[in-house]
Amino acid sequence: MASSSSTYRSSSSSDGGNPSDSAVTVEERKRKRMLSNRESARRSRMRKQKHVDDLTAQINQLSSDNRQILTSLTVTSELYMKIQAENSVLTAQMAELSTRLESLNEIVDLVTTTNGGVDQIDGCGFDDRTAGINCDGYYDDMMMSGANHWGGSVYTNQPIMANDINMY
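Since the structure is predicted, the reported quantities are computational estimates derived from the model, not experimental observations.

### Some thoughts on the pattern of salt bridges
Evaluated as defined, the whole model comprises 5 salt bridges. Of the charged contacts, one joins Arg43 and Glu39 as a salt bridge, the two residues approaching to 3.9 Å between their closest N and O atoms. Of this pair, Arg43 and Glu39 both sit in helix α2 (residues 19–113), 4 residues apart, which is roughly one turn of that helix. On the basis of relative accessible area, Arg43 is assigned to the partly exposed category, the value being 40%. On the basis of relative accessibility, which here comes to 30%, the residue Glu39 falls in the partly exposed class. Here Arg100 ties to Glu96 by a salt bridge, and the two come within 2.8 Å at their closest N and O atoms. Placement of the pair is Arg100 and Glu96 together in helix α2, with a separation of 4 residues, close to one helical turn. Classification of Arg100 as partly exposed rests on a relative accessible area of 32%.

Conventions used here
Residues numbered from 1 in each chain as written. Predicted model: local features only at pLDDT ≥ 70, side-chain atom pairs only at ≥ 80, totals over all residues. Heavy atoms only, no water. Salt bridge = Lys/Arg side-chain N within 4 Å of Asp/Glu carboxyl O. Helix = DSSP H or I, 4+ residues; strand = E, 2+ residues; numbered from the N terminus. Buried < 20%, exposed > 50% of the residue type's maximum accessible area, 1.4 Å probe, protein only.

Rendered as structure tokens:
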């Protein structure tokens, strides 16, 4: 830098100008350039700080979004596990009820074949007779007397139902 100022001085002094005036202008230019550089560096630091602040805000937002997604995933996973367990229970119930239905159909087939070829059971597998029902339409144990081979008071046309729907 010293060489450039000396060049300025030598050219200014050869022009016949005052050497102290040219030295002042060179120093003034240096000072202005230094202030301009400082201002530019300050603006650069401010831009950099703003960029860092923006990135920090973005990190916070993405972290918050990530927590929400993880919470949602946890809730969904728990719901899936619950539904999967319920599905397993229902599958087991279906298998048991299918076995019961198969057994009942075998009993119906056995009863229909042992009645001497006379089909007294309707197409749904229930006995059409109304044994044990009085003229008012109510069940009467006394009317059954010996007609019920299984004992107890049951309608002969009453379907057999699963005794416990909720098996879990």
